Structure formats: C-alpha cells, structure tokens
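Architecture and fold: a report
Next come the chains, spelled out residue by residue.
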Amino acid sequence: MKARGAIRTFPAAIAIIRTIANCLKQTSSASAKQVRINPLQKMEEPENNHKINRRKFLGAGVRASVLLGLGGVAALVLKQSVAGNLVWQLDPAKCVQCGRCATSCVLTPSAVKCVHVYAMCGYCDLCGGYFKPETKTLTTAAENQLCPTSALKRKFIEDPFFEYTVDEPLCIGCGKCVKGCGAFGNGSLQLQVRHNRCVNCNQCSIARNCPADAYSRVPASKPYLLRQVGDEKNLTAKTPRR
Amino acid sequence: MIGFTHFASSRLHGKKSKRIVFLCLMLFFSIQFLDALAVQRFPKPEFESGYVQPETMQPAARAEMLQIADVIVLVIMLSVISWLVVKKRSRLGVFAASVVSLAYFGFYRQGCICSIGAIQNVTLALFNSSYPAPLAVIGFFILPLIFTLFFGRTFCAGVCPFGAIQDLVAFKPQKLGTRLNAVLGLIPYIYLGLAILYAATGSDFIICRYDPFVGIFRFNASFAMFIFAGTLLVSGIFIARPYCRFLCPYGVLLNWISRFSWKHITITPSTCIQCRLCEDSCPYDAIDLPVTGTNPESRGTTIRKLILISLLVPFFTVLGGWTLSTVHETLASVNGKVRLAKTLVEPASSVNQTETIEVTAFKSSGKPVAQVYAEASRVLKQFYTGSWILGCFLGLVFGITLAYRMVTKYQKDYLPNKGTCLSCTRCVDYCPVRMGDDNLPAI
C-alpha cells in the first residue's frame, strides 16, 4: 500500500516541479519577447468597453475603501494626538552622569549641555564641579579643572565666593562637573538638551542609549526639566543606593 | 466602679497618645522642612558687592508655527509635483521641484520629520495609548498616501528628499532584470515588518536609526553611516535609487496604494504606437513591456498553476510564521528592558567582569528586580505574537511574489508599472506621440 502511494505521489511531484520550471521559462520568455500588434484593431470591439467599465467601477470601489481605511487609521491616531510638537528632554533627577550624552548624540558636539541653575548655587570657593577631587591649590590651572574642555568658567565675586558659568560652545555634555557638583555641592549644575542646538530627531539616539531611562518626550511649550531649590524628592532619588 | 476607672484611664491614655501623635507629626514635618532646606548644602550667600545673579538661559524649542509651515510646504509640494507629473508631464519641472524639496526637507529641515520615519510614530500611537503623536507627524504620514491614491507615487518623484538626492546621482542606470528586481524587492517588506514590530513593542525606531541620508543632510554622522550612505550613492550611479526600490519601507505602502491610483502618469499622452523608444528610458525598470500571447497556455497548465499557487502560498505563510517565532528571543534583544533583564540574570556566572552602566544605573534607581523580569517577559510575549504575525506576513509576500512570477499578464502597450513607477516622467520625453495625435498607424 505504502509503495503504491509513493508511486502515485512521485509523478505528481515531478509534474509540479515541471510546471514550476515551465512557468518560469514562459514568463521570462514572454517578457523578453515583444510581439507587436496594431493597437487600433482590438479597440473597436464592444466587449472591451464593458471590461473597461467594470475595471473602472472596481477601481473606484477599491480607491474608496483605501481612503476609508486611511481615514480610519488617521482617526485612531488623531484621537490621542497633540496639536503642539514634542521635544526630547532628560530628567536631571534620573540622570546618572554616565557620559553617554556626549557620545551618543547625532551632533558633535552633543546638543546636551551643562546648564547652571544659579539660584541653587552656593558660590563655593572649593567647587566640586570645577576642581578635581585631589586638587591642592584652588587656582584655575588646567590640571586642576574637572572639565575636559575648560568650558566651566570661574570668576571671583567677593571674598569667599566665586561665580561659575558654562561656556556652551565649549561644553560637550560629558556631565563630569554635574557629577562633582551633585556629589559635593548643591547640584546646581545639571545636564539638559539645549533646544537651540537639538535637531529633534524622531527617535533621540541618546535616549536609546541612556542607561537610566532619563529621556522622554516633553511638550515643546515646556521644554526644560531643570531642578529648582526645594525639589528635595529629586535629590533623594538621585543618591545612589547600593 | 472598676468599669468607670478603666474608662477614665483609657480616656486619659487616649489624650496622652493624641499628644504623642501630634508631637510626632510636628517632628516629622519639621524634619521634612529641614530636609527641604538641606538640599542647599551650601546656602546661597548674601552678596555685599551688589552682585546680580545671572538668569539661567532656557532657549525655546522650534516654534510651533514653523512646524505647521512644514506641513503646508508638504501639501504645496505634493500639489505642484502632482500637477507637473499628471497634467504638465514635464521632466524639467519635476527635476526643479525635487531640487527645491531636497533643499527644504533635506538640507534645511535636515531630514526630520520625514514620512518614512512617521510610519513608526503612527504605529507606536496605535499600539501605545500613552504616546501622543504630534499632528504634523500624522500629516506627514497620511498626506503622501492620499496623494498617491489619486496621482500615483508623485511623492517619490520629487517631494521625498531621500529620493531627490538619489535621483541626482542616477547617471548610468543599468537594467537589473525582472528576477533580480523581484528578489531585491522583497527587502522593503522585511524592513517595514521589522520597523513596525520594533515600533509597536516600543523597542526602537530602526528606520531612523539606520537612516543613511540624514547624516549627509546634517554633514554629521557616524563613520559606518557615512560608508552606508556613500555606498548607496555610488551604487546609485548604476542602480538608480537603490534605497527607494530595495529598502524604503514607506515605498511598500506607496506601492500598494499606487496600484489603485486614479490618474497615474502614462508614457504616451494618447495612443501607444509600439515604437519601442521608451523601452530603455526607465532607470527603475518600471515599464511593463507588451506581452501578447501568440499561443496562450492550455487549460491544463492554468489549472495546475492555480493548484500550485493555492498550495504554495499557505505553505510559505505558515513556514514564515513558524521560522520567525523560533527566533523571537533574538529579535527581542533589541529591546532595552529585555537586555537589562538578561544582564541581570547573567552576572552570577561572571563575577570578575565589571558591572555595566545599565546595571549600576538600575541598582541606584532602587526598582525591584522582579519588576524588570515581569516587564521583560511581557515584552517577550509581545515579540512572540509579533514574530508570528510578521513571519506569516513575510511568507505571504514571498508566496504572492512567486505566484506573480508564475502568471503571465497580457498587455499590448508599453505601460508604467503602477506599483513600482516613481513618476519621475523620464519616459515621457521619449514618446514621440504628442497630445491630440490620435489615429496614428502602428509602426
């Protein structure tokens, strides 16, 4: 019984394979061959007109249904859409200063910069964001500075107080000063996406690489998430728990 | 008596405890208050020198009006190009319009937002109810599709900056042949399917991530992306518009919709005279040559073909779904949550290895590990379903492509293939027939 079944199926398989081969041969030869006929000859037949009408009707039907489908998708999406634009921003409360903002942005230098919230600053002489931890003399000498590009500027104001400003064109957004300020100071130095530089990619390439999931889309009308004085919740969330 | 004293003492006790609770609350609130002050480890000094504290600059994001302007420019460009293609049939006009689009959407807007990437925003919005897609993005997704439904792929002809930049370098286009075109034409389906899978699961926007031309528009890209874009542009000299034809996921949607377009561009303005002049004019192999059967297939062959197709298509559909579902874990490793869960499971074995930044960041966030595992397993489940659907879809596309190769489509004129034609109007210039030249004899 089994053998007979095999015998029966075998020619069928061969037939199928032969058909495939024939089809491929036919289509390739048919498309290569150009048989010219008079186009005006067949146009006069009334049967053709019917065909064209039917095709037109079907075409219109399909077109209407495609339009309906597109309208449906649009309506579904529009239901939860926002009129304004969305921009990318990082939440300093979640930021762990890993340094990827400097390297992952599609722009070089990155659109992420250190932003100084002056209202939070203690104007310290020994600034944790400005000096390297092992610094002995508190001078502006290059070897003392934490910032790799010297973008953080220190200016004397009055006796023990110094003002620190960020030179944005120099800043690469590495977050070293932010880490230092957060560890030893008030946390007034914070990383933020600067919207005069950001090209607002559809998918922020830093957001994809951010280990702390700090990036999100925010409304363009309120594009910054800076921490202010009294945001104590944020600081407790920031301190690493091991 | 005993009962009374007990009652009294309990009342007394109640008063005391109330006071204690009140004190505790006071203490608690004062600590809270102190804590709030403690943010300022070093309180702001009171300056005597009359120092004025500078304001923290917060440059505004791009104005909303400009975003509306983008959509308006898109509509204007689509209308102009459709008019140029369908009504004016002017190659020069289409070329000029494509240069304008390249300048505006490409170099001025730097390739963002684009219709190709908007697929992902719309998908994400459909699958994730918490993501609000901006109106402009929805406009960029829907408008070209609607125009295509009426006028064919005029969007590709000269509004899309990616198409425009490739069209500029298509100097020596070569014919690839129908088979190679069919095989390479399957890649966009895979790309589209993966893009939708990753966008729907909220993992990644792969179209934007592997966008080759954005780097050129911004004069700024990673080395690998520059190589990719360079390869596409150099190969684009010989294989016209390689991205549009063999990669573009939005092209798949346009291809489908364009097949039902109302007024698609025609090669000849009135009647085809079979002069064969347009035969080699299309750089995209999008002209279907006349096929007139001198000896049509026998009934038996047609029936056998039909049976074969009806068996092959379901077979490939199921095979595709099963194949992809077996690799769904590999596909899911693009997702950040899945990756984090994987690294959190592993570390016991690799003690000497240094902790990744992700793991450090996760530990400092204080989230429970179980939550990450739960999220990752949920994403994995989504990927399992998604990969079945994607696999079935790809198998179906493969089967239908094969079936299409099997059937012979008879036509007597040189016609643009409504699906693959990019409406560039090059072929129009080759046609010697002018508008109103009716009743011409066939050559």
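Residues numbered from 1 in each chain as written. Chains lettered and ligands numbered in written order. Predicted model: local features only at pLDDT ≥ 70, side-chain atom pairs only at ≥ 80, totals over all residues. Heavy atoms only, no water.

This part covers the overall build of chain B. Broken down by element type, chain B carries 20 helices and 2 strands. The buried share of chain B, taken over its 443 residues, is 46%. Partitioning the contacts of chain B with sequence separation of at least 6, the portion at a separation of at least 24 is 84%. Here chain B has roughly 23,300 Å² of accessible surface; of this, 69% comes from carbon and sulfur atoms. (Helix = DSSP H or I, 4+ residues; strand = E, 2+ residues; numbered from the N terminus. Buried < 20%, exposed > 50% of the residue type's maximum accessible area, 1.4 Å probe, protein only. Contact = heavy atoms within 4.5 Å. Areas by Shrake-Rupley, 256 points an atom, 1.4 Å probe, with all protein chains shown as cover.)

Before going further, it helps to spend a moment on the interface of chain B and chain A. Residue-level contacts link 91 residues of chain B with 88 residues of chain A. In this assembly, chain B packs against chain A so that about 7,900 Å² is buried in total across both faces, 62% of it on carbon and sulfur atoms. Summed over the shared surface of chain B and chain A, the number is 1 salt bridge. Residue B:Glu358 is joined to A:Arg100 by a salt bridge in which the shortest nitrogen-to-oxygen separation is 2.8 Å. Put simply, chain B and chain A have 25 residue pairs in polar contact (both at pLDDT 80 or more) between them. Within the residue set of the side of chain B that touches chain A, elements represented by two or more residues are helix H1 (2–38), helix H2 (64–88), helix H4 (115–127), helix H5 (135–151), helix H10 (206–209), helix H15 (299–326), helix H18 (357–365) and helix H19 (369–406) of chain B. Counting residues per element, the side of chain B that touches chain A draws most heavily on H4(B), which supplies 8 residues. Residue composition of the side of chain B that touches chain A, grouped by class: 47 nonpolar, 22 polar and 22 charged. (Buried area = accessible area lost by both parts, 1.4 Å probe. Salt bridge = Lys/Arg side-chain N within 4 Å of Asp/Glu carboxyl O. Polar contact = N/O pair within 3.5 Å; in protein donor to acceptor, adjacent residues only side chain to side chain. Nonpolar A, V, L, I, M, F, W, Y, C, P; charged D, E, K, R; others polar.)

To continue, consider the confidence of the model for chain A. Here chain A shows a mean pLDDT of 80. Residues at 70 or above account for 74%. Segment residues 233–242 of chain A: pLDDT under 50, and 18 contacts once partners within four positions in sequence are set aside and those in other chains are kept. (pLDDT = per-residue confidence, 0-100.)

What follows concerns the pairing of strand S4 (residues 161–166) of chain A. All names here are of chain A. Taken across its 6 residues, S4 has 5 buried, putting it largely inside the fold. Across 6 bridges, strand S3 (residues 152–158) lies against S4 in antiparallel orientation. Bridge pairing links Leu 152 to Val 166 in S4. Remark: 2 residues form the turn of the hairpin made by S3 and S4, two consecutive strands paired antiparallel. (Pairing = 2+ DSSP bridges.)

Before going further, it helps to spend a moment on H4(B). Residues and elements named next belong to chain B. Its 13 residues place the ends of H4 19 Å apart at the C-alpha level, agreeing with the 18 Å of an ideal helix rising 1.5 Å per residue. Burial runs high along H4: 11 of the 13 residues are buried. Within H4, burial applies to Ser 115, Ile 116, Gly 117, Ala 118, Ile 119, Gln 120, Asn 121, Val 122, Thr 123, Leu 124 and Ala 125. (Expected span 1.5 Å × (residues − 1).)

A word on the packing of aromatic side chains. Under the counting rule described, the total for this entry stands at 27 aromatic pairs over all chains. Centroid distance B:Phe105 to B:Phe140: 5.9 Å. Interplanar angle 85°. Geometry classified as edge-to-face. Residue B:Phe105 is found in helix H3 (residues 91–108), and its partner B:Phe140 is found in helix H5; the two are separated by 35 residues along the sequence. Across this residue pair, the class does not change: B:Phe105 and B:Phe140 are buried. Between B:Tyr198 and B:Phe383, the aromatic rings sit 5.7 Å apart at their centres with planes inclined by 55°, giving tilted as the arrangement. With a gap of 185 residues between them, B:Tyr198 in helix H9 (residues 187–200) and B:Phe383 in helix H19 connect regions that are remote in the sequence. In terms of burial, B:Tyr198 and B:Phe383 fall into one category: buried. Through a chain of ring-to-ring contacts, three or more aromatic side chains come together here, namely B:Phe107, B:Phe162, B:Phe213, B:Phe217, B:Phe219 and B:Tyr243. Seen from the ring of A:Phe162, A:Arg154 lies directly overhead, with NZ or CZ sitting 3.7 Å from the centre. In this structure, B:Lys263 packs its charged tip against the face of B:Trp262, placed 4.7 Å from the ring centre. (Phe/Tyr/Trp six-rings, centres within 6.5 Å; stacked < 30°, edge-to-face > 60°. Lys NZ or Arg CZ within 6 Å of the ring centre and 35° of its normal.)

Looking now at the packing of helix H7 (residues 161–169) of chain B against helix H12 (residues 223–238) of chain B. All names here are of chain B. Close contact between H7 and H12 brings their axes to 8 Å; oriented N to C, the two are set at 50°. Judged by the angle between their axes, H7 and H12 are oblique. Every pair of crossing elements has a handedness; the one defined by H7 and H12 is right-handed. Taken together, the residues of H12 that come into contact with H7 (itself represented by Ile 165, Gln 166 and Val 169) are Leu 233, Gly 236 and Ile 237. A class-by-class count of the residues in the contact of H7 with H12 yields 4 nonpolar, 2 polar and no charged. (Axes fitted to C-alpha atoms, helices over the stretch in contact; angles between N-to-C directions. Parallel < 35°, antiparallel > 145°, perpendicular 65-115°, else oblique. Left-handed = near helix turned anticlockwise from the far one by under 90°.)

Residues and elements named next belong to chain B. Per the counting criterion, the structure on display carries 14 salt bridges over all chains. With a shortest N-O distance of 3.5 Å, Arg 62 and Asp 70 are connected by a salt bridge. The network of salt bridges with shared partners includes Arg 91, Asp 167, Arg 241 and Arg 426.

This part takes up the side chain of A:Arg63. As for its position among the elements, A:Arg63 is in helix H3 (residues 46–79). Among all residues touching A:Arg63, those that are not within four sequence positions of it are B:Leu149, B:Phe260, B:Ser261 and B:Trp262.

Here we take up the nonpolar core. In this structure, B:Ile116, B:Phe141, B:Phe162, B:Phe213, B:Tyr243 and B:Tyr250 are the most contacted members of the largest nonpolar core, which totals 99 residues. If you tally residues by element for this core, the top one is H5(B), at 9 residues. Residue contributions to this core reach at least three from each of two domains, namely domain 1 (72–289 + 418–430) and domain 2 (299–346 + 358–406) of chain B. Those residues within four positions of B:Phe213 in sequence are excluded, and the remaining contacts are B:Phe162, B:Ile165, B:Gln166, B:Ala229, B:Leu232, B:Leu233 and B:Tyr243. With 33 residues, the next largest nonpolar core counts A:Leu90, A:Cys105, A:Phe131 and A:Cys147 among its residues. (Core = buried A, V, L, I, M, F, W, Y, C linked by side-chain atoms within 4.5 Å. Domains from an automatic or database assignment.)

Quick look at the environment of B:Lys87 now. Tracing the backbone shows B:Lys87 in helix H2. Spatially, the C-alpha atom of B:Lys87 lies 8.7 Å from that of B:Ile265, the residues being 178 residues apart in sequence.

Now for the packing of H15(B) against H19(B). Residues and elements named next belong to chain B. Between H15 and H19, the shortest axis-to-axis distance is 6 Å and the interhelical angle comes to 155°. Taken together, the axes of H15 and H19 are roughly antiparallel relative to one another. H15 and H19 meet at a crossing whose hand is right-handed. Broken down by class, the residue content of the contact of H15 with H19 amounts to 19 nonpolar, 8 polar and 1 charged.

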